[in-house]
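So you can see what is in the structure, the chains are spelled out below.
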Protein chains: 2
Amino acid sequence: MSTSLEHIRHTLAHLLAAAVLELYPDAKPTIGPAIDNGFYYDFEFPLGADGKSTSPVQTDLKDIEKRMRKLLPSWKEMAGQEVTPDQARDAFKGNPYKTELIEEIHGKGENITLYTAGHFTDLCRGGHAENPAKEIPADSFKLSRIAGAYWRGDEKNAMLTRIYGLAFESREALDAYLTQLAEAEKRDHKKLGKELGLFLFSDLVGSGLPLWTPKGTIIRELLNDYVWEMRRAKGYQKVTIPHITKKDLYETSGHWAKFKDELFKIETREKHVFAMKPMNCPHHTQIYANELRSYRDMPQRYAETTMVYRDEQSGELSGLSRVRAITQDDAHVFCRKSQIKNEIFAIWDIIDSFYKTFGFKDLRIRISRHDPAKFENYIGTPEVWKTAEDQLVSLVKERGISDVIDGLGEAAMYGPKIDFIAKDSIGRTLQVATIQLDFNMPERFDLACMNEKGEKERIVMIHCAIMGSIERFMATLIEHTGGLFPFWLSPVQVQVIPVAEAYADAAQKVHESLRAANIRSEIDLSNDSFGKKIRGAKTAHTPYFIILGEKDVAAGKVTLESRDQGQIGQVSIEGVLKKFQEEVKERK
Amino acid sequence: MSTSLEHIRHTLAHLLAAAVLELYPDAKPTIGPAIDNGFYYDFEFPLGADGKSTSPVQTDLKDIEKRMRKLLPSWKEMAGQEVTPDQARDAFKGNPYKTELIEEIHGKGENITLYTAGHFTDLCRGGHAENPAKEIPADSFKLSRIAGAYWRGDEKNAMLTRIYGLAFESREALDAYLTQLAEAEKRDHKKLGKELGLFLFSDLVGSGLPLWTPKGTIIRELLNDYVWEMRRAKGYQKVTIPHITKKDLYETSGHWAKFKDELFKIETREKHVFAMKPMNCPHHTQIYANELRSYRDMPQRYAETTMVYRDEQSGELSGLSRVRAITQDDAHVFCRKSQIKNEIFAIWDIIDSFYKTFGFKDLRIRISRHDPAKFENYIGTPEVWKTAEDQLVSLVKERGISDVIDGLGEAAMYGPKIDFIAKDSIGRTLQVATIQLDFNMPERFDLACMNEKGEKERIVMIHCAIMGSIERFMATLIEHTGGLFPFWLSPVQVQVIPVAEAYADAAQKVHESLRAANIRSEIDLSNDSFGKKIRGAKTAHTPYFIILGEKDVAAGKVTLESRDQGQIGQVSIEGVLKKFQEEVKERK
């Protein structure tokens, strides 16, 4: 968010506190920062004479909001003033929260400042709108919800009441956000995934461990085949590794030390320590290292779609976005330094094609670098990191990209990355693919090839996943399409519906022709009414219906209707097959 | 082995002991049973005056064997005699091993018998050739090797010397066995797999955890695609499950109690107990149970090729035959009782087709039943087991199979099986596919469908794997073919070799046409001599070579040579492509 928007949000937190104190004079204000989409403020509301909480509830937000709007015109400035600790203590006498903060600031030897607007003064570091009445449109914010929150986030402390507000530059921006929010809720992949019967969670198997139905598996496989088709054309080869290893592999790779908490660890009956793989690169190095490689064999490009595992905490799990078993469409290129550019550009081409197919155009680029201040989080030397990062910067430049996001501290443990950032159909940005350049694993596993001079030459590794993980990409795709998958990807592509039982045989024949042509057709021969059948197919977002009635059978044709384009009309079955096969081929 | 062959082998163990005692009078005989391919006898050989062992070594076996042959004609009978404990103790005075056995037999209140042939008497329960001289051909046995063995197999006991012998009905049978043994050694999948570069083991990853190279992965995928092609035609659908689960799933399925030692167990950071899956059926039940199923949805047929895991002991691991991570081409059919026959016969058809493709004809059938004496090893009630076993017996009969092996105690934990037994190209029998009928899992997971009357109807599960495991099938296939994979399955199908550099461009064009036609072609443009290139392709067992020389380029053709049929001659490139594509299609 822009700095000025942050200042406006922060100012609105003050305004919220002022409004609350006018309506609830016994409330004790605590803290109120700006956040990603607005602001909040935490209050202590005392118990009333009847022993019940005096805290406002959701329905009271309207009144508080009204009071904020009433106060706003009188907030012509936010005046800051430095005070002594005693002055501050005096100003917030009877408010233990503010007092605690004052002592803390004083203890650190920092200055204490108070800010006043209208009749309201708050302990604050500053960063506000200069003239709130002028700068803040009265219709650009909205109180959104009330929640409980512990003082300073610690469950041992008192439970406070948090009031959240949304705030944007203008009413239009606020409305757009509210629309996006409502749209996102409708498209939530957890909800749609269940409705469309794509995946499920089982209480017996556990959270964070999705199971995929036949329909969900069809989409997974089609996506994976698409990536593989493009990789194959670029000379990739599939390999296969087990999902576990002795810990020795990760001691060599460095994952054991850096990744330890998130590893699923296994003690065998013989008391050896194994781990489930959190990444595939260390295993793949072992396939590379199995033979002495000549420069003529380079690059070696290994692809494998396989699950990796992370011991995530239950509270952090969320649908397909954060799971404990993740299917990566992973690949590792083992190449000479002189081959880096070609290999990275080949991957880049695949990423561009893949995301364009789904309407993610103009991906933005982030160069994710290491954070020198936290060098203990990485393996390798500063020199090696500089070489790798410089190379990525120059490749991005050579590719003609000028609008680059700087990802300080976003690198992988073993090397910097080019991350690709997409915008989905409702305007949300998300990181999708990634290409990682790694000079460190080859060092640790002593990976080399014999060069033209017969000398051992250190190689480099390039890590890349096109989808990232199938689970996360599926979540993205479900929400991006709202469950209206393109034809080539739909688990059921066509629903064949006879208008009445008399046309069931004709419908069956059409259904079988479609199946024989590898089109995923279903036929509805149930006793349900014609109308109900059509509604069923529409709810399932089936891309096409083929309807067979008297006129169709008489003409030896079918009536075709499209989910996206509506009625198409009477078409020959050959025409339908040709149309469908072309759309599959073009991944429409 | 037949009883009489067992008697002969047992008799030969006596004869071995007699020969050893004549040549090594200080040796103390202990025990000597018949085994699978012959017999052995364990002896204690005292230390000599020089402090060194007097035990014979490998090169002494010839002399012992000669002495056995010399004694054999005088062994006209094996006379048994019951003796008192004292008589027995007296006969084996100074031999603590025999004395220990005598006390043991006496302690159990059993009769003690001695058997004598020629001048040799042994403590023995009987079971011999009646007239060894007549019944045992002198050239039907052979001493094979010497090894150390602890008395009674316990490492706390004295180390004895074990002499092994091979013995068969006739010299021809012995020779056939020796030939098979030599052939098996040449074809050992561990040796060939390494030579052909199909898979590897890494010290860092650990034993029992194979990693598959691009070449090995090509074969795995082709095999798996073949199985899937047939399953798809029978209405199977792919599903996808995670490789771990909370232990709750296995407590419900019964695996936790019965399978516990072999489970890889995981304690998460939140102290929950997870396990890596040793089987896929419990997970698949959760996909079935995710929806209320109507009789119209039945059967549901789920297929998934995925790894399962067993915490095997290091000493039991062997190449691909016994591993810790096993890729099963697994499938589960959820069906009504009335559908069992159709479903089992459909699987049976797939099994027949699959194994016939590799030349495994006339698979023998074993019905693997539970062992009522060890009912604690199974889940379910005796009635349910009887129903399931009776049904398998009647299906096997209906399929017209009369030659059925009875597999008492060979059932799975949850149900009886039809096992398929193949004979490989060097005559060894091995269990391949299996079909399992399971009334128990549906009970435990409460799996049902709504039948025509709107009532909840208990369903059954059929478990089947066509290859069993890809690892074990690969081991079988490598040894069965001796590494000479059929054309459609070869990682490199064609090697293109220009006779000299002048024909490199023409060769490159041919290579590219092959690649474009999805034929796995490789081209050898190295500086090696033509002869060396040909030898290289032959060592790699490449099914075809295409050679390009002056005459070929002039004629616009290629010279084709087959690994199996030798020279084929000059052929047009269109002719080659057509031939190759047909062979792939027919899986030749």
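Residues and elements named next belong to chain B. Relative to the helices and strands, lysine 423 is located in strand β19 (residues 417-423). Looking at lysine 423, the relative accessible area reads 54%, which means it is exposed. Contact partners of lysine 423, with chain neighbours within four places excluded, come to Phe360, Arg428 and Thr429.

All right, on to unusual backbone geometry then. The step from Met298(A) to Pro299(A) runs through a cis peptide bond, and the omega angle for that step is -5 degrees. Assignment of secondary structure puts Pro299(A) in the loop between α11 (281-288) and β15 (300-309). We note that Arg152(B) has phi near 60 degrees; this positive angle belongs to a residue other than glycine. You can see Arg152(B) is positioned in the loop between β7 (141-150) and β8 (159-167). Although it is not a glycine, His541(B) sits at a positive phi angle of roughly 60 degrees. For His541(B), the location among the structural elements is in the loop between α17 (530-539) and β26 (544-548).

Turning our eyes to something else, we now look at the relation of the copies chain A and chain B. Once chain A is rotated about the relating axis by 180 degrees and shifted along it by 0.0 Å, it coincides with chain B to within an RMSD of 0.1 Å. Both copies are brought into coincidence by an operation consistent with a two-fold rotation axis. Within chain A, Ile266(A) has its C-alpha nearest the rotation axis, a separation of 2.6 Å. Here 100% of the contact residues of chain A are again contact residues in chain B; the copies associate through an equivalent surface.

Any two packed helices are characterised by the angle at which their axes cross and by the distance between the axes. All names here are of chain A. Taken N-terminus to C-terminus, the directions of helix α12 (residues 340-357) and helix α13 (residues 382-398) make an angle of 60 degrees; their axes are 11 Å apart at the nearest point. In this view, α12 runs oblique relative to α13, as classed from their interaxial angle. Handedness of the crossing formed by α12 with α13: right-handed. Here α12 contributes Ile340, Lys341, Ile344, Phe345 and Trp348 to the contact with α13, which in turn contributes Gln391, Leu392, Leu395, Val396 and Glu398. Considering only residue class, the contact of α12 with α13 consists of seven nonpolar, one polar and two charged.

Residues and elements named next belong to chain A. Annotation of chain A at the domain level lists domain 1 (3-181), domain 2 (193-357 + 437-481) and domain 3 (487-586). Summarising the inter-unit geometry, the C-alpha centres of domain 2 and domain 3 are found 39 Å apart. Summing both partners gives a buried area of about 710 Å² for domain 2 against domain 3, and 86% of it is carried by carbon and sulfur. For the pair domain 2 and domain 3, the number of links is zero salt bridges. Inspection of the domain 2/domain 3 interface yields zero residue pairs in polar contact (both at pLDDT 80 or more). Here the side of domain 2 that touches domain 3 gets six residues from one element, more than from any other, and that element is helix α8 (residues 214-233). For the side of domain 2 that touches domain 3, a count of residues per class yields eight nonpolar, one polar and one charged.

As a further point, take the pattern of salt bridges. The tally for this structure, following the rule as stated, stands at 95 salt bridges over all chains. The closest approach of N and O atoms between Glu457(A) and Arg336(A), which form a salt bridge, is 2.9 Å. Placement of Glu457(A) in strand β22 (residues 456-458) and of Arg336(A) in the loop between β16 (325-335) and α12 is noted, with a sequence separation of 121 residues between them. Measuring nitrogen to oxygen at the nearest pair gives 2.6 Å for the salt bridge that ties Asp122(B) to Lys98(B). One end of the pair, Asp122(B), is in strand β6 (residues 120-123); the other, Lys98(B), is in helix α4 (residues 96-107), and 24 residues separate them in sequence. Owing to a relative accessible area of 3%, Asp122(B) belongs among the buried residues under this scheme. On the basis of relative accessible area, Lys98(B) is assigned to the buried category, the value being 1%. Three or more residues joined by partner-sharing salt bridges are found here, namely Lys234(A), Asp349(A), Asp352(A) and Arg399(A).

Bringing the sheet that holds strand β19 (residues 417-423) of chain A into the picture now. All names here are of chain A. With respect to topology, eight strands assemble into an open sheet ordered β11-β15-β16-β23-β20-β19-β17-β18, the strand pairing being mixed. What marks the edges here is a single partner per strand, and that holds for β11 (237-238) and β18 (404-408). Two strands pair when backbone bridges link them, and strand β17 (residues 364-369) and β19 are joined in this way by five bridges, in the antiparallel orientation. Bridge pairing links arginine 366 to aspartate 419 in β19. Against the sheet, α12 contacts β15, β16, β17, β19, β20 (429-438) and β23 (460-465), and its axis sits at roughly 160 degrees relative to β20.

What follows covers the environment of Arg587(B). Residue and element names in this part refer to chain B. Tracing the sequence through the fold places arginine 587 in the segment after α19 (573-585). When the C-alpha positions of arginine 587 and histidine 541 are compared, they lie 17 Å apart, and in sequence the two are 46 residues distant. A distance of 3.0 Å separates the side chain of arginine 587 from the side chain of glutamate 229, its partner in a polar contact.

With that out of the way, let us pick up the sheet that holds strand β25 (residues 521-523) of chain B. Residue and element names in this part refer to chain B. Across the sheet, five strands lie side by side as β25-β24-β26-β27-β28; this open sheet has mixed pairing. In the strand order of this sheet, the two ends are held by β25 and β28 (566-571), each with one partner. For this sheet the average axis-to-axis angle between neighbouring strands, irrespective of direction, equals 25 degrees. Taken together, the five bridges between strand β27 (residues 558-562) and β28 define a ladder with antiparallel strand orientation.

Attention now moves to the pairing of strand β3 (residues 38-44) of chain B. All names here are of chain B. Taken across its seven residues, β3 has six buried, putting it largely inside the fold. Looking at chain direction, strand β1 (residues 28-29) and β3 are connected through two bridges and run antiparallel. By the bridge assignment for β3, proline 29 is matched with phenylalanine 43. Here strand β2 (residues 34-35) pairs with β3 via two bridges, running antiparallel. Residue pairing in the sheet places alanine 34 in a bridge with phenylalanine 39 of β3.

The next point concerns the interface of chain A and chain B. Counting residues at the interface gives 55 residues for chain A and 56 residues for chain B. When residues of chain A are sorted by the area they lose upon contact with chain B, Leu204(A), Thr240(A) and Arg269(A) head the list and together hold 15% of the total. Our enumeration of links across chain A and chain B arrives at four salt bridges. Note that Glu221(A) is salt-bridged to Lys238(B), the shortest N-O span being 2.9 Å. The dominant element in the side of chain A that touches chain B, judged by the number of residues it contributes, is α8(A), at five residues. Of the residues that constitute the side of chain A that touches chain B, the class distribution is 23 nonpolar, 17 polar and 15 charged.

Conventions and cut-offs
- Residues numbered from 1 in each chain as written.
- Chains lettered and ligands numbered in written order.
- Predicted model: local features only at pLDDT ≥ 70, side-chain atom pairs only at ≥ 80, totals over all residues.
- Heavy atoms only, no water.
- Helix = DSSP H or I, 4+ residues; strand = E, 2+ residues; numbered from the N terminus.
- Buried < 20%, exposed > 50% of the residue type's maximum accessible area, 1.4 Å probe, protein only.
- Contact = heavy atoms within 4.5 Å.
- Least-squares fit on C-alpha atoms with pLDDT ≥ 70 in both.
- Axes fitted to C-alpha atoms, helices over the stretch in contact; angles between N-to-C directions.
- Parallel < 35°, antiparallel > 145°, perpendicular 65-115°, else oblique.
- Left-handed = near helix turned anticlockwise from the far one by under 90°.
- Nonpolar A, V, L, I, M, F, W, Y, C, P; charged D, E, K, R; others polar.
- Domains from an automatic or database assignment.
- Buried area = accessible area lost by both parts, 1.4 Å probe.
- Salt bridge = Lys/Arg side-chain N within 4 Å of Asp/Glu carboxyl O.
- Polar contact = N/O pair within 3.5 Å; in protein donor to acceptor, adjacent residues only side chain to side chain.
- Pairing = 2+ DSSP bridges.

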